[in-house]
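The residues making up each chain are set out below.
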Amino acid sequence: MAMRLAGNDGFWSSLSVLNEDTLMQSLLLGHVPDGRWLDSEMMLQEVENIMHIALENEVSSPPMSSETWNCISGIEVVESVETLPCTISRVSLQMLCQCTGERDIQTRTMAVFDLLRNYRWDVKVVIVLGALAETYGRLCLPKHLSSSDPVAASVAILNWLPFNTSKFSTWLKSLSLLVRAMVDVTKCIIGFERLPVKQANPDNNVVGETASQVYLAAYWVVRSAITCLMQIAYFKQSQQASDSRIAMRELSSLGYRLTSMQISLKEQVEECYEQIEEEIYWKLHNIFTENSEDNQAVLQLLFSLQDDFPLQDFSRQIAITELKDKVILLLLSKPELLPLEQLLFLLQQTYDHRSKVESNRNYDIIWIPIPSSTRWTDEEKGIFKFISNSLPWCSVRRPWLMSSTVVKFMRTEWNYRDGETMMVVLDSNGRIVNMNAMDMVLIWGVRAYPFSISRENELWEEDGWSMQLLLDNIHPAFETWIEEGREICIYGSDDSDWVDEFKSQALKIQSLGFQFETIYLGRRSRDEYTKLNSLTMNGNSIVICSTIFYPRLESIRRSKLRRGKSPESDRVLAEVSELLDFDYDEHKGWTVIGKGRAAAADIVRLTGRNATECLRRIRRWGENAADLGFSGALKIASEVNEKPCEETSSVEVPSEAAATTRRVVTCEKCKRPMQKFVVYQ
């Protein structure tokens, strides 16, 4: 039975009477979008992969990787009660049920548009292409599996599928070229629909003309897809030469029309894009200095996509309106964000304690991952999806669709550098109050709210050099030690001999009655931080990861330097610089001792052999020196002269005062402990 096709004259005669204005009016009357949305670019990628295989590798897209499959397998229609497979099935039935009749193809095309009236233009087109790909894929799957699966071979025979397609090669080539043209035009439609027209004011004439071309392009893609389905019968059985020529001529004519349309449409979309991006850049340049009632205009401009839900919290989609009247921290980083230990610490500083703070601390973090290149890789997308679904922060739901102008603005105006992590703070009115609050967060956590520069100045007025400044929030035990006023000894080195000697001396001193906690920090190497097991016990010392401690010190130093401080005038900066720039080759290691809330004058820092020698001196003084406390004893031990006094001196302590006088008395000249004698008079 020969397949019946309209002759070429009949085919084009139906188009000759088609008035574009009338068609446009019909398309717009039947276009009633209700907010339904899906990732059309990802859907189109799946279409390409299916057609690539179904049409004997004639379509250009290569086979998809496992990472790509993991991304596209989660495509869903947002704000729709109907699932994507159900929608595609209904569209397929609508397209196929008419293909056996003689009804006018325009009527068939408009019926499909009516079925998709509630979708955006790009979504209409990719759903139709999805139906086309699903039909051809399902048709060709048994043929592709027939060599290894006898059931598939039988199904292919029952469907009259040819195992040798060489006689169809010319027709397949025409079909493949048409599919390629449909895909290219669809990419232009997607590009136009993603233009942030609402956030900018481009030339309305250019946008209007391009929109008209988009509507017509969508019509011709849908019409071409229906034509492709009409020729399925040709693929199943041998046809007369005249039918073959008619089929190929019809496909070729549509392919040429769409190819010509794609060239013009691509130029128009690019012109719209350039105008809008330029407008957005200057709007961004000015909007942060304008007086606004809230942060909505700024956030809409930053995340300027044609999508009402550009953000997500875990997997929950978030509208920008949910962030109104909040302080916003824009977390800019690479897609991998931070190493695990630093990421967990940042998470603790920004989130874990929020349940304990006052309710008026109203802020949210939005993570904006920025890759080094302009194109996201499948690996980067996979990493982002995993991290964004694991953290309690908001994040850009599809950061690869962010405006390149917005990313450019962040690089040029905000000085974002590849690989770094920074936090730009917007107050509740959308004004920038801190270009980078990352140091504040690492030092003080939520205490830094509202994360402004003025708040940073206030915090430095409150805090000075202390053990709390060094260790706050790094380990759960530290908060308890600080609250209880315990003495804490932290030390760092990668010289195992020095570490073993220091630990041995510290244990012996503890046996004399000295009570203090020890914390080992390792060494900060020049190229990378020492890799330690975070928060584990090593003998009597807690080992904390140096990838947390040293970045905290760097944050302290940067914060001080931004305020114009110098090591000569600021104790905190001087001490932190000593630890960060420590010469391990010369001094082996360092130690800092003091109570959690002790004054700066009561904190002792010692280096290398000087530290171990002071420990030996304390041991020689014996258990009576325990009354001095560990830091007090070390301070005295560090001030002892190398040689004792040549002259004998004495201090008389009346018996009635002995009970309230510390049992260790030091010489005023050489600072050595004095021997105790009982004298009767």
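Here, every reference points to the structure presented above.
These figures come from a predicted structure and were not determined experimentally.

(A) Up close: the side chain of K124. Structurally, the position occupied by K124 is in helix α7 (residues 121-145). Although K124 is buried, it forms no salt bridge, and the closest oppositely charged side chain is E193 at an N-O distance of 8.8 Å. A distance of 2.7 Å separates a polar side-chain atom of K124 from the backbone oxygen of L116. For K124, the contacting residues outside a window of four places in its chain are G30, H31, F113, L116, R117 and Y119.

(B) A look at the packing of helix α2 (residues 20-29) against helix α6 (residues 105-115). Relative orientation of the contacting elements α2 and α6 amounts to 30°, with a least axis distance of 10 Å. It follows that α2 is roughly parallel to α6 by the angle criterion. Taken as a pair, α2 and α6 cross one another with a handedness that is right-handed. Contact residues: L23, S26 and L27 in α2; Q106, M110 and F113 in α6.

(C) Representation of the environment of A599 within the structure. Among the structural elements, A599 can be located in the loop between β12 (590-595) and β13 (604-607). Spatially, the C-alpha atom of A599 lies 9.3 Å from that of M467, the residues being 132 residues apart in sequence.

(D) Structural view of the pairing of β13. Side chains V604 and L606 of β13 all project onto a buried face; the interleaved residues R605 and T607 project onto a face where none is buried. Summarising the sheet, β12 and β13 pair through four bridges and their orientation is antiparallel. Counterpart to W590 in the pairing with β13 is T607.

(E) Spotlight on a negative patch on the surface. Residues E209, E267, E270, E271, E274 and E278 make up a contiguous surface patch of negative charge. Ranked by residue count, the leading element in the negative patch is helix α12 (residues 241-287), at five residues. Inspection of the secondary structure puts E274 in helix α12. Taking the relative accessible area as the measure of exposure, E274 reaches 55% and is therefore exposed.

(F) α2, seen in detail. Along α2, the residues classified as buried are L23, M24 and L27. When α2 is viewed along its axis, its buried side chains cluster within an angular range of 100° and face the same direction. Away from its buried face by more than 90 degrees, α2 exposes D21, Q25 and L29.

(G) Broad picture of helix α20 (residues 476-484). Listed as buried for α20 are A477, F478, W481 and I482. End-on view of α20: buried residues confined to an arc of 135°, all on one side of the axis. Away from its buried face by more than 90 degrees, α20 exposes P476 and E483. Phi for G485, located one or two positions after α20, is positive at around 75°.

(H) Local environment of the sheet that holds strand β2 (residues 316-318). In space, the seven strands of this open sheet follow the order β2-β1-β5-β4-β3-β6-β7, with mixed pairing throughout. Pairing within the sheet leaves two strands with one partner each, and these edge strands are β2 and β7 (432-434). Across the sheet, the axes of successive neighbouring strands diverge by a mean angle of 35°, strand direction being ignored. Note: strand β3 (residues 327-333) against strand β4 (residues 363-369), seven bridges, orientation parallel. Counted as the bridge partner of L331 is W367 from β4.

(I) The arrangement of the pairing of strand β6 (residues 422-426) in detail. By the criterion of burial, β6 is predominantly enclosed, with five of the five residues buried. Side chains M422, V424 and L426 of β6 all project onto a buried face; the interleaved residues M423 and V425 project onto the opposite face, where all are buried too. Strand direction decides the pairing type here: β6 and β7, joined by two bridges, are antiparallel. Looking across to β7, one finds that L426 is bridged to I432. With antiparallel pairing between neighbouring strands as the criterion, β6 and β7 make up a hairpin whose turn holds five residues, including G430 at a positive phi of roughly 85°.

Rules used throughout
- Residue indices begin from 1 for each chain and proceed along its sequence in written order.
- In view of the model being predicted, local features appear only for residues whose pLDDT reaches at least 70, and side-chain atom pairs are presented and counted only at 80 or more, with totals across whole chains, interfaces and linings using the full set of residues.
- For the side-chain quantities, the full set of heavy atoms in the structure was used; hydrogens and water were omitted.
- Elements are defined by DSSP. Helices are runs of H or I of four residues or more, strands are runs of E of two residues or more, and each kind is numbered from the N terminus.
- Accessibility here uses a 1.4 Å probe with only protein chains present; expressed as a share of the type maximum, an area under 20% marks a residue as buried, one over 50% as exposed, and anything in between as partly exposed.
- Only four residue types enter the charge count, namely Lys and Arg as positive and Asp and Glu as negative; His and the chain termini do not.
- The salt bridge criterion pairs a side-chain nitrogen of Lys or Arg with a carboxyl oxygen of Asp or Glu, the two atoms within 4 Å.
- Polar contact is the term for a pair of N or O atoms within 3.5 Å; when the atoms are in protein, one must be able to donate a hydrogen and the other to accept it, and sequence-neighboring residues count only if both atoms are side-chain atoms.
- Working rule for contacts: check all heavy atoms of both residues, and any pair within 4.5 Å makes them a contact.
- Axes here mean lines fitted to C-alpha atoms, for a helix over just the part in contact, with angles spanning 0 to 180 degrees between N-to-C directions.
- An angle below 35 degrees is treated as roughly parallel, one above 145 as roughly antiparallel, one from 65 to 115 as roughly perpendicular, and anything else as oblique.
- Note on convention: near helix rotated counterclockwise from far helix by under a right angle means a left-handed crossing. Clockwise means right-handed.
- The criterion for strand pairing is that DSSP finds at least two bridges linking the strands in question.
- By definition, no residue in a patch forms a salt bridge, and every one has over 30% relative accessible area; like charges are joined within 9 Å, nonpolar side chains (Val, Leu, Ile, Met, Phe, Trp, Tyr) within 5 Å.
- The protein chains shown are the only cover counted for residues, whose accessible areas, like all others here, come from Shrake-Rupley with a 1.4 Å probe.
- Think of each charge as sitting on NZ of Lys, CZ of Arg, CG of Asp or CD of Glu.
- Taken from the helix axis, the directions to the C-beta atoms give the arc we talk about.

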